[in-house]
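Here is how the chains run, residue by residue.
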Protein chains: 2
Amino acid sequence: MQNTFLHHVFFWLNNPNSIADKQSLIEGLKKLSAVTTIKTFHIGQPADTNRDVIERGYAISWFVQFANAADQASYQTDPIHLKFVETCKHLWSKVIVYDSVDA
Amino acid sequence: MQNTFLHHVFFWLNNPNSIADKQSLIEGLKKLSAVTTIKTFHIGQPADTNRDVIERGYAISWFVQFANAADQASYQTDPIHLKFVETCKHLWSKVIVYDSVDA
């Protein structure tokens with residue numbers, strides 16, 4: 001992949017053991033995936049891998065590929081994204097975002 | 001993307017201001033991308049975005065998509081990967097890995 005903008009978000013839940021809360025976040029992300037500037041996306045959870053360098057405390061991974069920085073900026077203010085934050089923000093306790101462009 | 005395994009690695013450099021070291025790591029990752037189980041990959045650096053939740057202290061992002069967990073496990077012991085670690089490990093001070101599968 002080149003000429004692209006990767007936006008990778010990791011969510012920690014307020015109630016890490018709540019299957020219902022995790023499912024609510026997944027459903028919210030599925031709706032969020034309708035934003036038209038999104039090229040590809042993936043809704044994930046930690047794999048079974050386990051080494052010292054691996055961070056596996058998060059509940060949900062939200063990976064999005066955009067064509068460029070402008071499309072990512074547009075996504076941030078898209079009504080669908082604002083609605084997602086409003087609907088789901090009570091679910092998470094921590095979010096870490098990694099935005100990367102071609103090196 | 002579904003039925004996939006995302007392996008996302010973030011590297012912090014021992015010499016964060018060394019353009020040469022950063023370039024050496026990029027060259028090492030380009031060679032590493034020859035591992036045959038890799039479906040897609042991206043070599044990145046922090047975007048210009050800057051919010052509280054965004055981690056932008058790393059130097060290089062290495063994103064790899066595998067078909068499944070077995071292919072990622074195979075990559076870990078692939079001679080090309082072992083050679084990469086041997087050649088480049090002096091360059092980094094910290095590594096964080098996020099491995100995720102379909103939620």
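In this text, all values refer to a predicted model and were calculated from it rather than measured experimentally. (Residues numbered from 1 in each chain as written. Chains lettered and ligands numbered in written order. Predicted model: local features only at pLDDT ≥ 70, side-chain atom pairs only at ≥ 80, totals over all residues. Heavy atoms only, no water.)

A. Layout of the interface of chain B and chain A. Taken together, the contact pairs 35 residues of chain B with 35 residues of chain A. Interface area, chain B with chain A, both sides summed: about 3,000 Å², of which 61% is carbon and sulfur. Applying the counting rule to chain B against chain A returns 0 salt bridges. Linking chain B to chain A there are 24 residue pairs in polar contact (both at pLDDT 80 or more). (Contact = heavy atoms within 4.5 Å. Buried area = accessible area lost by both parts, 1.4 Å probe. Salt bridge = Lys/Arg side-chain N within 4 Å of Asp/Glu carboxyl O. Polar contact = N/O pair within 3.5 Å; in protein donor to acceptor, adjacent residues only side chain to side chain.)

B. Seen up close, the relation of the copies chain B and chain A. Placing chain B over chain A gives an RMSD of 0.0 Å and needs a rotation angle of 180°, together with 0.0 Å of translation along the axis. Taken together, the rotation and translation relating the two chain copies correspond to the operation of a two-fold axis. It is B:His8 whose C-alpha, among those of chain B, lies nearest the rotation axis, at 4.5 Å. The share of interface residues of chain B whose copies in chain A are also at the interface is 100%, consistent with both copies meeting through the same surface. (Least-squares fit on C-alpha atoms with pLDDT ≥ 70 in both.)

C. The arrangement of the pairing of strand S2 (residues 38-46) of chain B in detail. Note: strand S4 (residues 92-102) of chain A against S2(B), 3 bridges, orientation antiparallel. Residue A:Val101 lies in a different strand from S2(B), and its bridge partner there is B:Gln45. Direction of pairing for S2(B) relative to strand S3 (residues 60-66) of chain B: antiparallel, over a ladder of 6 bridges. What sits directly across from B:His42, in S3(B), is B:Phe63. (Pairing = 2+ DSSP bridges. Helix = DSSP H or I, 4+ residues; strand = E, 2+ residues; numbered from the N terminus.)

D. Main features of the layout of surface pockets. Within this model, the largest pocket holds a volume of roughly 230 Å³. If you go around the largest pocket, you meet 16 residues; those closest to its centre are A:Arg51, B:His81, B:Val85, B:Val95 and B:Val97. Counting residues per element, the ones that place at least two in the lining of the largest pocket are strand S1 (5-13), helix H2 (69-76), helix H3 (79-88) and strand S4 (92-102) of chain B. Ranked by residues supplied to the lining of the largest pocket, first place goes to H3(B) with 4 residues. Among the residues forming the lining of the largest pocket, the class breakdown is 12 nonpolar, 3 polar and 1 charged. (1 Å grid on protein atoms, 1.4 Å probe; cavity = no way out; pocket = protein on both sides within 12 Å on 5 of 7 lines; lining within 4 Å. Points joined across faces, edges and corners; volume = space filled by probe spheres on them. Nonpolar A, V, L, I, M, F, W, Y, C, P; charged D, E, K, R; others polar.)

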